[in-house]
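# Observations on chain architecture
Listed below, chain by chain, are the residues.
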Amino acid sequence: MPSVSPRPSRSVCVLFAAALSLAATTLRAQAAHAHDPSLDIELHGTITPEKIGTHETQTFQMPQGIERIEVELESPGFQKGMYVTVGIFDPERYRGEGRAKFSISTVTATGPYMPGPLVPGTWKVSFGFNYVAPGAHGDYTLRIHLSRQLDPTHYIALNAKPGWYMGDLHSHTGNTDAVCKSQSGKDVPCPVWKLLEAAASQKLDFLAITDHNTQATFNEMGQVQPYYDKLLLIAGEEVTTVRGHTNVWGTIGFLDYRAADKGFTVNDLFDQAHAQHALVSINHSYWPWDGHCPGCGWGWAPITDYSKVDAIEVINGYHEHGSWFTPPPGNGIPLWEAQLAKGLRPTGVGGGDEHRGGEQLSLHDGVGIPTTVVYARELSQPAILEGIRAGHVYVKTHGPDGPELLLNAGPAMMGDEVKAASGSTVNFTITTSDNSGARLRLYLDGKIVESEPALSSGKASYRWTSDGKRHWLRAELVDGAPGSDAIVLTNPIYLNWK
Ligand SMILES: [Zn+2]
Ligand SMILES: [Zn+2]
């Protein structure tokens, strides 16, 4: 007879531990996916030839507040003459059928299953006895793990090696406002695959999809990730408030974009995102808050608690774009440097802000323009986010083909801190793959270092004598044309920061 037992499920624990080992490096990530054995359920039953061509229904109780379930059927299997399928119904509707192992969360689900709220109450599981060979007999166990945390689908490592990984942290699909040409040349909502193909053709290692105020793309991302085994998809959202846009990277649930200055502000929004173990970034802060792009400029500036801001988009893909998005001259660097001057350390990042599925209408359109390059311990969502949080980042403003630019001081890299007593010297080394004659420009506390070190065979060094006080130094490569922008820029090395 079917039976239900609440005892812990070892195989699901093992699976979960495997997911954790991929994810786990930060305490945040570990805390996010801690396994609560009290939320494990097992359903048991028998498989006999008499059941062939029938269904058997069992039930379990879904408590309040569950964000994700993982389900795995253990049975002798088709090879032993027993083929059983699992269909699942919540108290209100059918959720899918067909796999022996699957997950369903509020925002994602495995293949044939449908994401959405995990409604509390009695759920039904329908076991379909598609085939039971004459004389075959066995037991089945369905292990169900309930979790109060969202989907670790994106905790997948595509490359286990530490290194510099190139990607784009800001992009849109037709699920919000990305538009591209249909087969007959009409402007239509741009399908996700166009964006992904464009990112793959740019040879990007990662792509954050940050649709406006929605996680509608998360499910498709989880489904297509196995195909894109060289392009890590990072879950994100551009939280689009009426006073500015902020990118949030991580596997998040609802974030309240209705932040308004009546008891709930953008600082509370940042707290909401951090509570979900995500990073936040201020986007295209330089845009005026006017009719060109309503709500796009950073209207929260007067009340923003910048200590809650993990990153600032220093270069946005619409920079110099020839459309109605055209911003005035400038970029996010002034806002970024203003925070550095206060002793904060938001990481400077780029964001392509692609809205055309990779269709290039001008020089500055396209996925990966700019490209953000992150030093990460592996190519996985948590590792990329850790690299961003650490400031181990430089930005190729013109795209992935731009040169590498590395700033070091001994073992310290950009984003790291160096302590130097007054009177001691720090030797910075700058390494680039550029051989086009670009000039190196160093900024100390936001001011150009007068004696620009010469680049010779892709290397330069800069010797600095410490006064024992707090400073920061960052590097840019600038091409030869007067007034031209940086083609690549690094995050700072921080001196005597604390
Ligand atoms: Zn925006
Ligand atoms: Zn955007």
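Structure's up top.
Residues numbered from 1 in each chain as written. Chains lettered and ligands numbered in written order. Predicted model: local features only at pLDDT ≥ 70, side-chain atom pairs only at ≥ 80, totals over all residues. Heavy atoms only, no water.

### Brief notes about the overall build of the protein
In plain terms, the rule: Only runs of H or I of at least four residues qualify as helices and only runs of E of at least two qualify as strands under DSSP, and these elements are numbered from the N terminus. Here's how the labels work: a residue is buried when its accessible area is under 20% of the maximum for its type, exposed when over 50%, partly exposed in between, all with a 1.4 Å probe on protein chains only. Two residues qualify as a contact provided that any one of their heavy atoms is within 4.5 Å of a heavy atom in the partner residue. Only the protein chains shown count as cover for residues, and the accessible areas themselves come from Shrake-Rupley with a 1.4 Å probe.
The helix and strand tally for the protein stands at seven helices and 30 strands. Expressed as a percentage of its 498 residues, the buried residues of the protein come to 56%. Within the protein, residue pairs in contact and separated by at least 24 positions form 73% of the contacts whose partners lie at least 6 positions apart. Summing over all exposed atoms, the protein offers an accessible surface of approximately 20,700 Å²; the carbon and sulfur share of this is 55%.

### Examining the sheet that holds strand β8 (residues 121–132)
For the record, the criterion: Strand pairing follows a simple DSSP-based rule, namely that at least 2 bridges must link the two strands. Fitting a line to C-alpha atoms yields each axis, with helices limited to the stretch in contact; the angle taken between N-to-C directions then spans 0 to 180 degrees.
Spatial ordering of the open sheet is given by β3-β8-β5-β6, a layout of four strands whose pairing is antiparallel. Each end of this open sheet is capped by a strand with a single partner; those strands are β3 (55–62) and β6 (94–97). Strand-to-strand twist across the sheet, computed as the mean angle between neighbouring axes with direction ignored, equals 25°. Pairing analysis gives eight bridges linking β3 to β8, with the strands arranged antiparallel. Its bridge partner being in β8, Met62 is matched across the sheet by Gly121.

### What about the coordination of the zinc ion (ligand 2)?
Defined as follows: Only N, O and S atoms count as donors, using a 2.8 Å cut-off from the metal and 3.2 Å for Na, K and Ca, and because water is excluded some sites may appear unfinished. Each label reflects the angles at the metal, where four donors whose angles all fall between 85 and 135 degrees are tetrahedral, four or six donors whose opposite pairs open beyond 155 degrees and whose other angles stay between 65 and 115 are square planar or octahedral respectively, and the rest are irregular.
Taken together, His170 (NE2), His172 (NE2), Glu238 (OE) and Asp353 (OD) make up the protein donors of the zinc ion (ligand 2), found 2.1 Å from the metal. Around the zinc ion (ligand 2) sit four donor atoms, and with donor-metal-donor angles ranging over 82 to 174° the site reads as irregular. Counting gaps between the donor residues of the zinc ion (ligand 2) yields the pattern H-x1-H-x65-E-x114-D. You can call Glu238 buried: its relative accessible area is 1%.

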